[in-house]
Amino acid sequence: MKKPKLGASSVEYIFLDVVGYSKRLIESQTSIVDTLNRIVRDSVQTHRLRPDRVIYVPTGDGICVALLNVGDPGDPCDTQMQIALAILAGLQEHNAQTVDEQLKFEVRIGINANRDNVIVDINGRPNVAGAGINECSRIMGKADGGQILVGDSVFKTLMQRGKYATAFRGPYTPLVKHGFPLPMHQFVADGYPFLNVEVPTAFKTTDIKGPLSPRFANTRAVLQKGGLKLMAEIGPIRSGQTAQIDPKGRRINILALVDTGASRTVINPQLAVTCGLRQTGIVRISTTGMVREAPEYAGVLRFPGLSLKEIEPVTFVACALPEQAVSCLLGRDVLQRWRLVTMAGQGKSKSRNDCRTLHAWSTLRPQQVRCAHRR
């Protein structure tokens, strides 16, 4: 059997693992791995790929399939996607024919592409090493059972084809290892009953309802560790009107962090998708020393329960935020409209018209802060 050629190669990855594998009985785990191996091999072999163009990398509770140079001229552009869909279809058939609930299972799938290195592993077998397979594992890790997430390189390739033009949701840009933003997209095409097209749990925006905690039952502005946080409401603009949330769009209650170091107000990309905000353009931004492009969205910003006027249409910058509990950073474009007052000491108050002085308030107790719209 001809072995894969060692060295740099264009690699397409299909990374999958079994959801809830560790919760199964040992006997069930063995049977599930055998079943998964069979379904994956059958799905790959339907494409008649030469043995030297496929590497199977077992991961314990899953498999990574590495396809070498399948993007060559004459090859289908979506071999990786077709194999992933065949795996989900085969798994659906297995579950339908299986009576024992312990032997039914789901997988989550990540797809990525990169130029990585084909190596020989410690067992003397062909393997792969590089950023592509590492990123594919992290992409898969954001999916739920029955879902397919793809990396940016795969998305850009498939989006050039008509059948995939409207087949994706996203982008989602979570921060992964070392705080690195990793764009990914969810495959949500119609016609695949076995495909889970719900928004992945990792990207669902928390719709905060009610008070933050019993201690703050009567307030919507609190100083917590990390800064001043406000309850806010974001929604899409009604077409043809200003400063009015579209009643047909989804209004989301979120936790917003006051960030005096940000010149613009920032929201998580998934929040823009969930609310149905309209993209208005692209802007170049600088974050942690990196300069890159980010989409802009138009929306309405409200602060329920606070004596703050509704902000007229705001242009949000969509960028991944490192703090998962916060979906919005209120930048100086919004803060400059306010007058913020502290109530510290013996009933005395201090007025601060310059929003930059908020940095000095981080030690105040929650009941010592109130907000008012600047007159």
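From a predicted model like this one, the values you see are computed outputs, not experimental measurements. (Residues numbered from 1 in each chain as written. Predicted model: local features only at pLDDT ≥ 70, side-chain atom pairs only at ≥ 80, totals over all residues. Heavy atoms only, no water.)

Draft legend 1. Spatial organisation of the pairing of strand β11 (residues 252-258). The element β11 is largely enclosed, with a buried count of six among its seven residues. When β11 meets strand β16 (residues 328-330), the two strands line up parallel, connected through three bridges. When the sheet's bridge partners are listed, A256 is paired in β16 with C328. (Buried < 20%, exposed > 50% of the residue type's maximum accessible area, 1.4 Å probe, protein only. Helix = DSSP H or I, 4+ residues; strand = E, 2+ residues; numbered from the N terminus. Pairing = 2+ DSSP bridges.)

Draft legend 2. Focus on the packing of aromatic side chains. Summed over all chains, the structure comprises six aromatic pairs. Here F187 and Y192 contribute two aromatic rings whose centre-to-centre distance is 5.9 Å and whose plane-to-plane angle is 50 degrees, an arrangement assigned as tilted. With relative accessibility at 1%, the residue F187 sits in the buried group. Overall, the relative accessible area of 26% leaves Y192 in the partly exposed class. Linked through ring pairs, F155, Y164, F168, F187, Y192 and F194 together constitute an aromatic cluster. Above the face of the Y56 ring, R41 is positioned so that its terminal group lies 4.4 Å from the ring centre. (Phe/Tyr/Trp six-rings, centres within 6.5 Å; stacked < 30°, edge-to-face > 60°. Lys NZ or Arg CZ within 6 Å of the ring centre and 35° of its normal.)

Draft legend 3. Region of interest: the layout of surface pockets. Approximately 750 Å³ is the volume attributed to the largest pocket. Mapped onto the lining of the largest pocket, the elements with two or more residues apiece are α1 (26-45), β2 (54-58), β3 (62-68) and β5 (126-129). If you tally residues by element for the lining of the largest pocket, the top one is α1, at eight residues. (1 Å grid on protein atoms, 1.4 Å probe; cavity = no way out; pocket = protein on both sides within 12 Å on 5 of 7 lines; lining within 4 Å. Points joined across faces, edges and corners; volume = space filled by probe spheres on them.)

Draft legend 4. Geometry of empty space enclosed by the protein. Taken as a whole, this structure holds one cavity of 30 Å³ or more when the rule is applied. Computed from the structure, the largest cavity encloses a volume of approximately 30 Å³. Lining the largest cavity are G170, P171, P269, V273, P295, Y297 and A318. Elements with a contribution of two residues or more to the lining of the largest cavity: β7 (168-172), α5 (269-275) and β14 (290-302). For the lining of the largest cavity, the class distribution of residues is six nonpolar, one polar and no charged. (Nonpolar A, V, L, I, M, F, W, Y, C, P; charged D, E, K, R; others polar.)

Draft legend 5. Broad picture of the packing of α1 against helix α2 (residues 79-97). The geometry of α1 relative to α2 is characterised by a closest axis approach of 9 Å and an angle of 135 degrees between their N-to-C directions. Comparing the axis directions of α1 and α2 gives the class oblique. Where α1 crosses over α2, the handedness of that crossing is right-handed. Together, T35, R38, I39, V40, S43 and V44 of α1 and I83, A86, I87, G90, L91 and H94 of α2 make up the contact between the two elements. Here the residues of the contact of α1 with α2 are counted per class, giving seven nonpolar, four polar and one charged. (Axes fitted to C-alpha atoms, helices over the stretch in contact; angles between N-to-C directions. Parallel < 35°, antiparallel > 145°, perpendicular 65-115°, else oblique. Left-handed = near helix turned anticlockwise from the far one by under 90°. Contact = heavy atoms within 4.5 Å.)

Draft legend 6. A look at the pattern of salt bridges. Applying the stated criterion across every chain yields a total of seven salt bridges. For D52, the salt bridge goes to R50, with nearest N and O atoms at 3.1 Å. As a salt-bridge pair, R264 and E296 come within 2.8 Å of each other at their nearest N and O atoms. Residue R264 is located in the loop between β11 and β12 (266-267), and its partner E296 is located in strand β14; the two are separated by 32 residues in the primary sequence. By relative accessible area, which is 14% here, E296 ends up buried. (Salt bridge = Lys/Arg side-chain N within 4 Å of Asp/Glu carboxyl O.)

Draft legend 7. Inspection of α1 at higher detail. With 20 residues, α1 extends 29 Å between its outermost C-alpha atoms, agreeing within 8% with the 28 Å of an ideal straight helix rising 1.5 Å per residue. Of the positions making up α1, those classed as buried are S28, Q29, I32, T35, L36, I39, V40, S43 and V44. Angularly, the buried residues of α1 cover 160 degrees about the axis, an arc narrow enough to put them on a single face. Looking at α1, the residues exposed on the side facing more than 90 degrees away from the buried face are I26 and E27. Contacts made by the buried residues of α1 are with β1 (7-18), β2, β3, α2 and β4 (107-120). (Expected span 1.5 Å × (residues − 1). Arc of directions from axis to C-beta.)

Draft legend 8. Just α2, in detail. Between its first and last C-alpha, α2 extends 27 Å over 19 residues, near the 27 Å set by a 1.5 Å rise per residue. Those residues of α2 lying buried are T79, Q80, M81, I83, A84, L85, I87, L88, L91, H94 and N95.

Draft legend 9. Main features of the side chain of E12. The residue E12 is located in strand β1 in this model. Within the structure, E12 has its side chain in polar contact with the side chain of Q80 (distance 2.7 Å). (Polar contact = N/O pair within 3.5 Å; in protein donor to acceptor, adjacent residues only side chain to side chain.)

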